[in-house]
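Close look at the chain arrangement
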Amino acid sequence: MLFSYALLKTFVSDLPSPEKVRDLLVMRAFEVESIEKRGKDTVLDVKILPQRGDCAGHKGLARELSVILEKPAAKEKQRIFAATRGGLIPLRVQLSSKSVLRYSALVVRGSAMRESPAWMQAYLQTLGTRAINGIVDLTNYIMAELGQPLHAFDYDKIRDSSMLVRESKQGEEVLLLDDTTARLPEGTLVIEDGKKASVRRLVDLAGIKGGKLSAIDARTKNIIFQAAVFKAEVIYKTKKSLNYTTQAADIYARGIDPEGTIPALERVQELLKECGGGTVTQRIDIYPKKETPRKIRVPSDMPERYLGARIPLQKSKAILSRFGCKVAGTKLLTVQIPTWRKDISLPQDIVEEIGRIHGYENIQARMPVLPLQCPESNEELEKAEDMRDALREAGFSETIGYSFIGKKDAADFGYSQGKKDALVELQNPYSEEYFYLRPGLTENILKVAAANARNTKRDIRIFELGKTFAKEITVKVVESRSLSGLVAGANAFFLAKGAIQHLFARLRIAEKIWYDVSGEENHMFTEKGGTARIKAGSRNIGIIGRVLPSLIDSYKFQTPVAIFSIDAQALAALETRGISCKQIPRFPAVYRDIAVLVPLETAVADIEKEIQNSAGPLLSELEIFDIYRGKGIPEGKKNIAFHLAYQSPDRTLSANEAESLQRKIAQSLEKHSDWSIRI
Amino acid sequence: MQRDFSELEQEAKNAIKTAQTPKELEAVLRLYTGKEGKITREIQAIPTLAVSERAEAGSALNTAKIQIAKAYAERQDELKQRAQKESGAEEFLDVTAPGKKIEYGSLHPLTLVQRVCGEIFGSMGFSIAQGPEIETEWYNFDALNIPADHPARDMWDTFWLKSEEAKSQRPKTKNPRFLLRTHTSPVQIRYLETHTPPVRIIAPGRVFRYEATDANHQINFYQLEGLVVDKDISVANFSAIIQEFFKRFFGFPVTVRLRPSYFPFTEPSFEVDMTCVVCKGKGCASCSHSGWLEIMGAGMVHPRVFNATGVDPAKWQGFAFGIGLDRLAMMKYKINDIRLLYEGDLRFLRQF
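Residues numbered from 1 in each chain as written. Chains lettered and ligands numbered in written order. Predicted model: local features only at pLDDT ≥ 70, side-chain atom pairs only at ≥ 80, totals over all residues. Heavy atoms only, no water.

**Thoughts on the overall build of chain A**
When its secondary structure is counted, chain A shows 19 helices and 31 strands. For 679 residues, the compact-globule estimate of 2.2 N^0.38 gives 26 Å, and the C-alpha radius of gyration of chain A, at 40 Å, exceeds that figure by more than 25%. Projected onto its principal axes, the C-alpha coordinates of chain A cover approximately 130 × 65 × 45 Å. Burial analysis of chain A (679 residues in total) assigns 51% to the buried set. Between the averaged position of the 100 positive side-chain charges in chain A and that of its 86 negative side-chain charges there is a distance of 6 Å. (Helix = DSSP H or I, 4+ residues; strand = E, 2+ residues; numbered from the N terminus. Rg over C-alpha atoms; globule rule 2.2 N^0.38 Å. Buried < 20%, exposed > 50% of the residue type's maximum accessible area, 1.4 Å probe, protein only. Lys, Arg positive; Asp, Glu negative; His and termini not counted. Charge placed at Lys NZ, Arg CZ, Asp CG, Glu CD.)

In structure tokens form, the structure reads like this:
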């Protein structure tokens, strides 16, 4: 909100320099966005806080500055408010809504349309308001000066000299000053003229913008000056639902003092001569419920307890009375709040006023004295950190992406057929690019990897751990924690698999995990033949696979790409955090190798299973050390070589025992007609 | 009879020279100079000799023993070198050649910053709490004293979920519209609903704002909420705790400065400035030559927030604050554009 330094100065004697004013405001009241010289004047852009409707005009901000500068509260100047009846049919104003807190107006007869005085135009110019004519400028100037919005109607355009302030019905329309038509929701405040139903029209969008039908123009002679106060919530609601606002609406929406209407109209009367003149023939003041000053009880030690600083009671009382409060009592203070301070309603509000004027920088930092207390542990968080650490150890870089996917992504990734229902939509999406809440992490991870692939020849290894969103069958939105990773590089799949094996080992759950390839369903991102479901017991906890060639093409990857995606909550539930040590074997192991020649499509997991089953409990280690095909191996075959270790917990195994186990394994492997043992 | 030990010495030397392994070599040495070795036995037999022969025999045997030990040491070196050669170790070790490359990954700067915050606040007794990213209007606004149709709502540009998603899901919820949380403050409500004061928590997490993006703004970003509720917690305590946090986080003595502000859920409310991290308070372009950087919002918990959570504001008081973690990360690691944090460029991420 813009303020003229020169205009502020008319309210505060000995106002310090604009820079000093800025510094005082910043430390005691409001942020100042900018300070700029305009002609002889200086304009300050002050961020009036939303609850401070009382500072929406120069008078209000000057009052605040007086408090800060330790000047006594200015006395209200009493003006004469007189009307000379006659010449016009008296205007009849009726209110049918409780949202009109006060409706005051002046009717002026015989005004001549002309320009406003130069001094007024100069102020308006400083404040960035265009000068229009004497009457409009007068209302704008007084609003800037006092913070009370004013509106001028052409008296002769009001049918039957009759106005009704009421709430709108759904769908009613009003033609505004700027020739636009506003279609209204229910409950907006409007002004209707005319007595008979047949002639009634909406002539004003109350508190927001004047109506075209009642607008003053070059021929206007008789004027109604309205100074009303409407309920802040109603004005706020209207400007939100119409998505339209004016300076007046912004001021009303903060909430202003109903006691301010009469001073504003008095000011109209005072300045009228210079702006077109005329005679005040009627004064209207409908004030259904007079605003009475609020009283708040504050224990006198409360500021000290809240602020943690000693402020003498005398000083607190002085600050409050400069604000216009009346303070009584010593142990329990009774503070009467001036009507313009609608924001002060609790003892804590009083503490704030004392604290900020005393100066927060004068409060010495001091550590609290609290019992020594260990923080609670947060397992969910700690386990997430374990996962991150494990993948970092595996050479992966963590990425953090947007929580949204685009409209195009949804189509690209095959959400179009029926699956779109599972996507969570926003009422107000940011853009086509950030349209749905992300259903998984893979979509964004693929995009990120593709962008990186353009910059590097090295393998790409990335992962993300974050929240994903899905809609269950009906309407329920489910938020869950997912972990996804991607490898792009020559050996992508096995690097990815190695990484998750490392992850499972670090979480101490490796032996609970197996890879299910029996599924026949189509996967969204991965090849049908190159995908495994990651399982813990019978539970599906994720998926790993080679990315579909179509996606590799559309993202222009030059290498194979593999992804994994794991339910991080399920993973956390499986994680074993305690370590319980096993005895180190007391007797040495006997090491042997075995190699088996099998058809290409044989799963090594099946060979491993066969070896384990036939060897029995003495087999303590089984590790594949080579998978070979090519020279020396028949077409359509591969050679799988294993390291084996035999070990007993209670004796040293003899070479003979090991040999006999080797023979047993060989026999059982060769039961498969197309498997053969190689020595 | 004068005995000649040179033959025995030669025999031992030959055996040493022909030993092929360290093990064999050890055995040879034992055979001659071990406890029961041939030379040892001769030495033990010296007392049985005629007195006149003893001195000469002693000296000859001693020489033999020394010679054998020498031959042993030489052979030992030879075998070691041979073993080294066989194992492929080159004689020339090029110490300037690169070591074997270790493949390491990296954690996101926002993760690192959250960890540091967790540690610092943890050391001051703060627990870590979390809440959902999809919130109800009640937790995100109403319970925090931000009623509908109040201009304060304009302080948060909100993403709303589509209305059919907004059916009542949590029976407790008084206001069933769903949104993406605009701040981490709802965690205050959730925590106070389920815990009895005293309370000392931080709540880091992702938040959302419907606003134009640029080098300093994103539609999703991270915040860290703080909440302390006790019998006797003051603004002075807040300053001390947050000053200590910044001091440890940035590693130099930071001071904070509070200015008046407005948040519906705190009273009094502050804007918090800290010593500029670039110029350490001297004044520079980063802080518009003021020496201060605006870093966060804070305040004393509003009694209506206590009322909404069933905590008696007559008995308890405390402070709450919210810091932007992206901003902290950017300041700590000298990141000049917030978008780097969300774009996943490995040339950026691999630096962490």
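**Some words on the overall build of chain B**
Each helix and strand counted, chain B has 12 helices and 9 strands in total. For chain B, the C-alpha radius of gyration of 39 Å lies well beyond 20 Å, the compact-globule estimate for 352 residues. Across its three principal axes, chain B shows a C-alpha extent of roughly 125 × 50 × 45 Å. When contacts within chain B are restricted to residue pairs at least 6 apart in sequence, those whose partners lie at least 24 apart make up 65%. For chain B, the exposed surface amounts to about 16,300 Å²; the carbon and sulfur share of it is 52%. Across chain B, the mean location of the 45 positive side-chain charges is 2 Å away from that of the 44 negative side-chain charges. (Contact = heavy atoms within 4.5 Å. Areas by Shrake-Rupley, 256 points an atom, 1.4 Å probe, with all protein chains shown as cover.)

**Some points on the nonpolar core**
All names here are of chain B. Grouped together as the largest cluster of nonpolar side chains are 143 residues, with contacts concentrated most on Phe246 and Leu328. With 9 residues, helix α8 (residues 235–250) is the single largest residue contributor to this core. If we ignore the near neighbours within four places in the chain, the residues touching Leu328 are Val113, Cys117, Phe245, Phe246, Phe249, Phe250, Ile295 and Ile323. (Core = buried A, V, L, I, M, F, W, Y, C linked by side-chain atoms within 4.5 Å.)

**Remarks on the packing of helix α5 (residues 134–146) of chain A against helix α8 (residues 261–272) of chain A**
Residues and elements named next belong to chain A. Interaxial distance between α5 and α8 falls to 10 Å at its minimum, and their mutual angle equals 130 degrees. By the angle between their axes, α5 is oblique relative to α8. The element α5 and its partner α8 pack so that their crossing is right-handed. Here α5 contributes Leu138, Tyr141, Ile142, Glu145 and Leu146 to the contact with α8, which in turn contributes Pro263, Ala264, Arg267, Val268, Leu271 and Leu272. The residue makeup of the contact of α5 with α8, split by class, is 9 nonpolar, no polar and 2 charged. (Axes fitted to C-alpha atoms, helices over the stretch in contact; angles between N-to-C directions. Parallel < 35°, antiparallel > 145°, perpendicular 65-115°, else oblique. Left-handed = near helix turned anticlockwise from the far one by under 90°. Nonpolar A, V, L, I, M, F, W, Y, C, P; charged D, E, K, R; others polar.)

**What about the side chain of A:Thr42?**
Note on placement: A:Thr42 falls in strand β3 (residues 41–47). Beyond its immediate sequence surroundings of up to four residues, A:Thr42 is in contact with A:Phe3, A:Ser4, A:Tyr5, A:Pro18, A:Ile35, A:Glu36 and A:Lys37.

**Focus: the domain arrangement of chain A**
All names here are of chain A. Examined at the domain level, chain A breaks down into domain 1 (2–69), domain 2 (92–286), domain 3 (295–360), domain 4 (379–574) and domain 5 (590–678). Taken over C-alpha atoms, the centre of domain 1 sits 27 Å from the centre of domain 2. Contact with domain 1, which involves 20 residues of that partner, is made by 15 residues of domain 2. Summed over the three residues of domain 1 that lose the most area to domain 2, namely Leu7, Gly53 and Ala56, the buried surface amounts to 33% of that side. In this assembly, domain 1 and domain 2 are joined by 0 salt bridges. (Domains from an automatic or database assignment. Buried area = accessible area lost by both parts, 1.4 Å probe. Salt bridge = Lys/Arg side-chain N within 4 Å of Asp/Glu carboxyl O.)

**Details of the pattern of salt bridges**
This model, assessed by the stated rule, comprises 67 salt bridges over all chains. Between B:Glu103 and A:Arg461 there is a salt bridge whose closest N-O contact spans 2.6 Å. Highlighted residues: B:Glu103 in the loop between α4 (51–86) and α5 (109–123) and A:Arg461 in strand β22 (residues 460–471), drawn from two different chains. By relative accessible area, B:Glu103 is classed as partly exposed at 45%. With a closest N to O distance of 3.2 Å, B:Glu9 and B:Lys13 form a salt bridge.

**A few points about helix α15 (residues 492–506) of chain A**
Along its 15 residues, α15(A) runs 21 Å from first to last C-alpha, staying within 8% of the 21 Å computed at 1.5 Å per residue. Looking one or two residues past α15(A), A:Arg508 carries a phi angle of roughly 60 degrees, positive in sign. (Expected span 1.5 Å × (residues − 1).)

**Observations regarding the interface of chain B and chain A**
Contacts between the two partners involve 90 residues from chain B, matched on the other side by 83 residues from chain A. When the two sides are added together, the surface that chain B and chain A hide from each other amounts to roughly 7,300 Å², 55% of it contributed by carbon and sulfur. At the junction of chain B with chain A, the criterion picks out 6 salt bridges. Across the salt bridge formed by B:Arg259 and A:Glu31, the nearest N and O atoms sit 3.4 Å from each other.

**Things to note about unusual backbone geometry**
Residues and elements named next belong to chain B. At the junction of Pro197 and Pro198, the peptide bond is cis and its omega measures out at 5 degrees in the coordinates. In this structure, Pro198 sits in the loop between α7 (186–194) and β4 (199–208). A cis amide bond links Glu267 with the next residue in sequence, Pro268, at an omega value of -5 degrees. Within the element layout of this structure, Pro268 appears in strand β7 (residues 266–275). Here Ser288, not a glycine, exhibits a phi torsion of approximately 50 degrees, which is positive. Following the sequence through the fold, Ser288 ends up in the loop between β7 and β8 (292–301).

**Quick notes on the packing of aromatic side chains**
Considering all chains together, one arrives at 35 aromatic pairs over all chains under this definition. Where A:Tyr402 meets B:Tyr342, the ring centres are 5.8 Å apart and the plane angle is 35 degrees; that geometry is what we call tilted. With A:Tyr402 in the loop between β18 (397–398) and β19 (404–405) and B:Tyr342 in helix α11 (residues 340–343), this residue pair bridges two chains. A network of ring pairs unites the aromatic residues A:Tyr360, B:Phe121, B:Phe126, B:Phe238, B:Phe245, B:Phe246, B:Phe249, B:Phe250, B:Phe270, B:Phe319 and B:Phe321 as a single cluster. Cation over ring: A:Lys497 sits above A:Tyr515, and NZ or CZ is 4.2 Å from the ring centre. (Phe/Tyr/Trp six-rings, centres within 6.5 Å; stacked < 30°, edge-to-face > 60°. Lys NZ or Arg CZ within 6 Å of the ring centre and 35° of its normal.)

**Examining the sheet that holds strand β15 (residues 294–299) of chain A**
Hydrogen bonds between backbone groups are what pair the strands of a sheet, and the pairing can be parallel or antiparallel. Residue and element names in this part refer to chain A. Taken together, the 3 strands give an open sheet; going across it, the order is β15-β17-β16, and neighbouring strands pair in antiparallel fashion. The sheet terminates laterally at β15 and β16 (326–328), the two strands that pair on one side only. Averaged over neighbouring strand pairs, the angle between their axes works out to 20 degrees when direction is ignored. Contacts from helix α11 (residues 347–358) reach β15 and β17 (332–337), with the element oriented near 75 degrees to β15. (Pairing = 2+ DSSP bridges.)

**Focus on the sheet that holds strand β21 (residues 436–437) of chain A**
All names here are of chain A. Ordered in space as β19-β21-β20, the 3 strands form an open sheet in which the pairing is antiparallel. This sheet does not close on itself; its edge strands, each paired only once, are β19 and β20 (424–425). Strand direction decides the pairing type here: β20 and β21, joined by 2 bridges, are antiparallel. Following the sheet pairing, Glu425 is matched in β21 by Tyr436.

**Digging into the environment of A:Ile142**
All names here are of chain A. Within the secondary structure, Ile142 sits in helix α5. The exposure class assigned to Ile142 is buried, which follows from its relative accessible area of 0%. When the C-alpha atoms of Ile142 and Pro371 are compared, they prove to be 57 Å apart, with 229 residues separating the residues in sequence. Here Ile142 is in contact with Gly147, Gln148, Leu150, Ala264, Arg267, Val268 and Leu271, once residues within four sequence places are set aside.

**Observations concerning the state of the cysteines**
By definition, a disulfide links two cysteine residues through a covalent bond between their sulfur atoms. For the structure on display, the rule yields 0 disulfides over all chains. The closest cysteine sulfur to the non-disulfide-bonded A:Cys55 is located on A:Cys325, 13 Å from its own sulfur. Free cysteine: B:Cys284, not disulfide-bonded; nearest cysteine sulfur from B:Cys279 at 3.6 Å. For B:Cys284, a relative accessible area of 14% gives the class buried. (Disulfide = S-S within 2.5 Å.)

**Quick notes on the pairing of strand β5 (residues 220–230) of chain B**
All names here are of chain B. For β5, a buried count of 11 out of 11 residues is recorded, marking the element as mostly surrounded by other parts of the structure. Here 10 bridges tie β4 to β5, and the two strands are oriented antiparallel to one another. The residue bridging Arg206 from the neighbouring strand is Tyr222, located in β5. As paired strands, β5 and strand β9 (residues 317–324) are joined by 8 bridges and run antiparallel to one another. What sits directly across from Leu224, in β9, is Ile323.

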